[in-house]
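Architecture at a glance
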Amino acid sequence: GEEADFWVLRAYSQRKAGDIESSRASYLKALEIDPAHIRGRNYFGYLHLTIGDIAGAEAQLAFLEALCPAGCAERDDLAKAIEDYKFGDPYDGLKY
């Protein structure tokens, strides 16, 4: 819904500005409102990569795999970002 969208956009802006803790809180608020928010799960996964938390990113990927069993851009993009991170192309927070 629109309220979850608001929190996701707020969190995205905070993450891009480097305010990781505020971003985390905003993503959690969005996902509390709408646990199936696909873009929110995707972006929250990127936040985890930004701080080097691969397990956290993989947890968000697991949600996306359940939400998009046939595949979706958000799931595929996060999966690629996780693989890139693991194999020597560390996520720099600027790609997504």
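These figures come from a predicted structure and were not determined experimentally.

Quick look at the overall build of the protein now. When helices and strands are counted, the protein shows 5 helices and 0 strands. Counted from the first residue to the last, the protein has its helices and strands arranged as α-α-α-α-α. Along the longest, intermediate and shortest principal axes, the C-alpha atoms of the protein span 35 × 35 × 20 Å. Residues classed as buried in the protein amount to 40% of the 96 residues present.

On to the side chain of Ser23, then. Inspection of the secondary structure assignment puts Ser23 in helix H2 (residues 20-33). Taking the relative accessible area as the measure of exposure, Ser23 reaches 0% and is therefore buried. Once residues within four sequence positions are removed from consideration, Ser23 is found in contact with Ala11, Gln14, Arg15 and Leu47.

Looking at the element boundaries, Arg24 is found in helix H2. For the pair Arg24 and Gln60, spaced 36 residues apart in sequence, the C-alpha to C-alpha distance is 13 Å. Contacts of Arg24, omitting those with residues within four sequence positions, involve Phe44, Leu47, His48 and Ile51.

The rules we used
- Residues numbered from 1 in each chain as written.
- Predicted model: local features only at pLDDT ≥ 70, side-chain atom pairs only at ≥ 80, totals over all residues.
- Heavy atoms only, no water.
- Helix = DSSP H or I, 4+ residues; strand = E, 2+ residues; numbered from the N terminus.
- Buried < 20%, exposed > 50% of the residue type's maximum accessible area, 1.4 Å probe, protein only.
- Contact = heavy atoms within 4.5 Å.

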